[in-house]
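In case you want the letters, here they are:
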Amino acid sequence: MNDRVVVAGAVYDRGRLLAARRSAPPELAGRWELPGGKLEPGESGEQALVRELREELGVETEPLERIPGEWPLKPGYVLRVWTARLVSGVPAPLQDHDELRWLGPGESDAVDWLDQDLPAVAEAMRRLPDG
Ligand code: CDP
């Protein structure tokens, strides 16, 4: 059986990276992640990412590039991450999250990231565009 894919976005705007604090489930609540969700049948990773960011944050985004690699989550799930550009809207924690933060260069340690997101966050910070 193939693992199910969870897609997440390293969303950039004005030289900062968006971090989202999970409100559920209890074992993940309070930890920070790159927002995203499960790939649905028939979707590309990029399509799923745009849909998840629209549903969870109310924004329109444009995927830029895949961060190479794939990271294990709970059994049966793997995480894939894309960088993305904020196209329109102001992110709001509509689903799954209770707080959002924009992190500038050198601020990636300011929040308590989920362990499984750390490699992708480090790479996303290295790729942070100029403001
Ligand atoms: O929104 P949806 O139900 O499709 O997915 P989700 O609940 O946001 O994410 C599915 C699983 O992937 C959860 O167990 C999340 O904790 C995990 N996840 C993660 O570890 N890191 C992320 N950046 C995004 C999701």
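Please read these numbers as outputs of a predicted model, since none were measured by experiment.

Here we look at the overall build of the protein chain
Then comes step 1: Within the protein chain one finds two helices and seven strands.
Then comes step 2: Along the protein chain, helices and strands appear, N-terminal first, in the series β-β-β-β-α-β-β-β-α.
Then comes step 3: For 131 residues, the compact-globule estimate of 2.2 N^0.38 gives 14 Å, and the C-alpha radius of gyration of the protein chain, at 13 Å, lies within 12% of that figure.
Then comes step 4: In terms of overall dimensions, the protein chain has a C-alpha envelope of 40 × 30 × 30 Å along the principal axes.
Then comes step 5: Looking at the 131 residues of the protein chain, the share that counts as buried comes to 44%.
Then comes step 6: Sequence separation of 24 or more characterises 67% of the internal contacts of the protein chain that already satisfy a separation of 6 or more.

Considerations on the environment of Ala 122
Then comes step 1: Position of Ala 122 among the secondary structure elements: in helix H2 (residues 118-126).
Then comes step 2: In this structure Ala 122 comes out as partly exposed when scored by relative accessible area, which is 32%.
Then comes step 3: Here the alpha-carbon distance between Ala 122 and Asp 109, two residues 13 residues apart in the chain, equals 9.7 Å.

Observations concerning the nonpolar core
Then comes step 1: Counting 21 residues, the largest nonpolar core has Leu 17, Leu 34, Val 81 and Trp 113 as its most contacted members.
Then comes step 2: Mapped by element, the contributors of at least two residues to this core are strand S1 (4-13), strand S2 (16-22), strand S5 (60-72), strand S6 (77-88) and H2.
Then comes step 3: Sequence-distant contacts of Val 81, defined by excluding residues within four places in its chain, comprise Ala 8, Ala 10, Leu 34, Glu 65, Arg 66, Ile 67, Trp 71 and Ala 120.
Then comes step 4: Counting 13 residues, the second-largest nonpolar core is a separate cluster that includes Val 7, Ala 48, Leu 57 and Val 59.

Conventions we followed
Residues numbered from 1 in each chain as written. Predicted model: local features only at pLDDT ≥ 70, side-chain atom pairs only at ≥ 80, totals over all residues. Heavy atoms only, no water. Helix = DSSP H or I, 4+ residues; strand = E, 2+ residues; numbered from the N terminus. Rg over C-alpha atoms; globule rule 2.2 N^0.38 Å. Buried < 20%, exposed > 50% of the residue type's maximum accessible area, 1.4 Å probe, protein only. Contact = heavy atoms within 4.5 Å. Core = buried A, V, L, I, M, F, W, Y, C linked by side-chain atoms within 4.5 Å.

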